[in-house]
Amino acid sequence: MNPILKQKIIDVCNTDDNPELLMEAAQWWIMTHQLDHFEKAIKIKQIVKDMHLV
């Protein structure tokens, strides 16, 4: 994952000042990782933080 995108996802989850962007990130992660639709930003943020950049 692009480091800039990774940091942006973490920043959006931390501030939650842009609900539309947060929802877009959440939907993408839910679809990509087939997460339960009740997953919270905290879970998504942790997944991104735990990812190893290639």
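1. Observations concerning the side chain of Lys45
So, step 1. Its place among the elements puts Lys45 in helix α3 (residues 41-50).
So, step 2. No salt bridge forms around the buried Lys45; measuring N to O, its nearest opposite-charge neighbour Asp11 is 9.1 Å away.
So, step 3. When sequence neighbours within four positions are dropped, the list of residues in contact with Lys45 reads Ile10, Cys13 and Asn14.

2. Concerning the packing of helix α1 (residues 3-15) against α3
So, step 1. As a packed pair, α1 and α3 sit with axes 9 Å apart at the nearest point and diverge in direction by 155°. One element, α1, and the other, α3, form an angle in the roughly antiparallel class. In terms of crossing hand, the pair formed by α1 and α3 is left-handed. Residues Lys6, Ile9, Ile10, Cys13 and Asn14 of α1 form the contact with α3, whose participating residues are Ala41, Ile44, Lys45, Val48 and Lys49.
So, step 2. A class-by-class count of the residues in the contact of α1 with α3 yields six nonpolar, one polar and three charged.

What counts and what doesn't
- Residues numbered from 1 in each chain as written.
- Predicted model: local features only at pLDDT ≥ 70, side-chain atom pairs only at ≥ 80, totals over all residues.
- Heavy atoms only, no water.
- Helix = DSSP H or I, 4+ residues; strand = E, 2+ residues; numbered from the N terminus.
- Buried < 20%, exposed > 50% of the residue type's maximum accessible area, 1.4 Å probe, protein only.
- Lys, Arg positive; Asp, Glu negative; His and termini not counted.
- Salt bridge = Lys/Arg side-chain N within 4 Å of Asp/Glu carboxyl O.
- Contact = heavy atoms within 4.5 Å.
- Axes fitted to C-alpha atoms, helices over the stretch in contact; angles between N-to-C directions.
- Parallel < 35°, antiparallel > 145°, perpendicular 65-115°, else oblique.
- Left-handed = near helix turned anticlockwise from the far one by under 90°.
- Nonpolar A, V, L, I, M, F, W, Y, C, P; charged D, E, K, R; others polar.

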